[in-house]
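# Structure at a glance
Here are the chains, one letter per residue:
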Amino acid sequence: MRNESEADVTTAVAPSTSLTAEDRCDRCGAQAYLRVQMTSGFDLLFCAHHAREHGDKLREVATTVVDETHKLTAKPTPVD
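Just so it is clear, the model here is predicted, and its values are computed rather than measured. (Residues numbered from 1 in each chain as written. Predicted model: local features only at pLDDT ≥ 70, side-chain atom pairs only at ≥ 80, totals over all residues. Heavy atoms only, no water.)

### Some details on the overall build of the chain
Summing up its helical and strand segments, the chain has one helix and three strands in all. Mapped from its N terminus to its C terminus, the chain presents α and β elements in the order β-β-α-β. The buried share of the chain, reckoned over its 80 residues, is 26%. Per element, the accessible surface of the chain, about 6,400 Å² overall, is 52% carbon and sulfur. (Helix = DSSP H or I, 4+ residues; strand = E, 2+ residues; numbered from the N terminus. Buried < 20%, exposed > 50% of the residue type's maximum accessible area, 1.4 Å probe, protein only. Areas by Shrake-Rupley, 256 points an atom, 1.4 Å probe, with all protein chains shown as cover.)

Below, the structure written as structure tokens:
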């Protein structure tokens, strides 16, 4: 039975933000392009090199993977 003074509580997960130049690889300190969210709630960040090296294994144990390695090959849009 629910008490009228109890509030409805829901748990929401904050959306992941894009990686920036300030996000650094946990292995070597280079700019991070891969964010791996673990079941423990912690995030691991990896540069493109370490993302390629460990990516398959990380995807097996991660709850969420944000892969922004495409930024390395994207061509910038010209500005008028």
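From this point on, the discussion continues.
### Some details on the environment of Gln 31
One can find Gln 31 in the segment before strand E1 (34–38). Each C-alpha atom, one on Gln 31 and one on Ala 21, is 5.8 Å from the other, the two residues being ten residues apart in sequence. Excluding anything up to four places from it in sequence, Gln 31 contacts Thr 20, Ala 21, Asp 23, Arg 24, Cys 25 and Cys 47. Within the local environment of Gln 31, its side chain forms a polar contact with the side chain of Tyr 33, the two groups lying 3.4 Å apart. (Contact = heavy atoms within 4.5 Å. Polar contact = N/O pair within 3.5 Å; in protein donor to acceptor, adjacent residues only side chain to side chain.)

### Observations regarding helix H1 (residues 48–61)
Spanning 14 residues, H1 covers 18 Å between terminal C-alpha atoms, matching the ideal 20 Å at 1.5 Å per step. Considering bend angle alone, the principal kink of H1 is centred on His 54 and spans about 65°. Buried within H1 are the following residues: Ala 48, His 50, Ala 51, Gly 55 and Leu 58. The elements touched by buried residues of H1 are E1, strand E2 (43–46) and strand E3 (62–67). (Expected span 1.5 Å × (residues − 1). Bend = angle between axes of the 7 residues up to and from the residue.)

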